[in-house]
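This is what each chain is made of:
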Amino acid sequence: MVDGEKDISDCIYQTSIKDLDIIPSRINLAKLESKLVGDFDAPFRLKDRLELMRDKYDLVFIDTPPTLGLITVNALVASTHVLIPIQSSFYALEGTDDLLETIEKVKARPNPDLRVLGVVVTLFDKRTTLAREVYEQIRGVFGSQMFETVITKSVRLEEAPAYRESIFTFAPQSSGAYEYSKLCDEVMGRV
């Protein structure tokens, strides 16, 4: 789709959740990066494709790999807001500096309207002192940009993708479903 080989409308799949469609990624997406390098419009490919669907959807969420390559830059150029997930682990804040620098570079030129919507702490294990300390470090860095909702570590959240389901269909009564539902409410309140 981003490479122009398929029409975007041919890539959209309806889900079992009302009014939720997806465009799934494939492993070939990793190969696309090397094809796009050097193309003058490479950072704008996703934005150009999504523009064709602007009238069909109220919101589009783009999930990116945890790398800061051309695929992530495409997502930042195509977006109005960035939601930053940070794991509550020892190295959590290290990669965040690079992401924030990349966001500033994208804001400087191709997308000056890009804004950080907020930061959400994920994989939080409230039983460990380390997780609580990391959470406080993250709060110290991001302050009011942090969402109140914290996504705790959960077996159900880990199992859902293995069954190709969202947490809302796989385990709708789970703490993970509850937390993501709360996060959705917070996101909508900020958008």
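Look up a bit, the structure's there.
## Focus: the packing of aromatic side chains
To describe a pair of aromatic rings, one takes the distance between the centres and the angle between the planes.
Okay, so step 1: Per the counting criterion, the structure on display carries three aromatic pairs.
Okay, so step 2: Here the aromatic rings of Tyr-163 and Phe-170 are separated by 5.2 Å at their centres, their planes lie at 20 degrees, and the arrangement is stacked.
Okay, so step 3: For Tyr-163, a relative accessible area of 55% gives the class exposed.
Okay, so step 4: Here the basic side chain of Arg-190 rests over the ring of Phe-147, its NZ or CZ set 4.0 Å away from the ring centre.

## A few points about the packing of helix α4 (residues 92-108) against helix α5 (residues 129-142)
Okay, so step 1: It is the contact of α4 with α5, at a shortest axis distance of 11 Å, that shows an interaxial angle of 25 degrees. Between α4 and α5, the angle falls in the class roughly parallel. When the axes of α4 and α5 are compared, the crossing they make is right-handed. Counting all contacts with α4, which are made through Ala-92, Leu-93, Thr-96 and Leu-100, the residues of α5 involved are Val-134, Gln-137, Ile-138, Val-141 and Phe-142.
Okay, so step 2: A breakdown of the residues in the contact of α4 with α5 according to their chemical character gives seven nonpolar, two polar and no charged.

Rules used throughout
- Residues numbered from 1 in each chain as written.
- Predicted model: local features only at pLDDT ≥ 70, side-chain atom pairs only at ≥ 80, totals over all residues.
- Heavy atoms only, no water.
- Phe/Tyr/Trp six-rings, centres within 6.5 Å; stacked < 30°, edge-to-face > 60°.
- Buried < 20%, exposed > 50% of the residue type's maximum accessible area, 1.4 Å probe, protein only.
- Lys NZ or Arg CZ within 6 Å of the ring centre and 35° of its normal.
- Axes fitted to C-alpha atoms, helices over the stretch in contact; angles between N-to-C directions.
- Helix = DSSP H or I, 4+ residues; strand = E, 2+ residues; numbered from the N terminus.
- Parallel < 35°, antiparallel > 145°, perpendicular 65-115°, else oblique.
- Left-handed = near helix turned anticlockwise from the far one by under 90°.
- Contact = heavy atoms within 4.5 Å.
- Nonpolar A, V, L, I, M, F, W, Y, C, P; charged D, E, K, R; others polar.

So, to be careful, I would describe these as geometric facts and stop short of saying anything about function.
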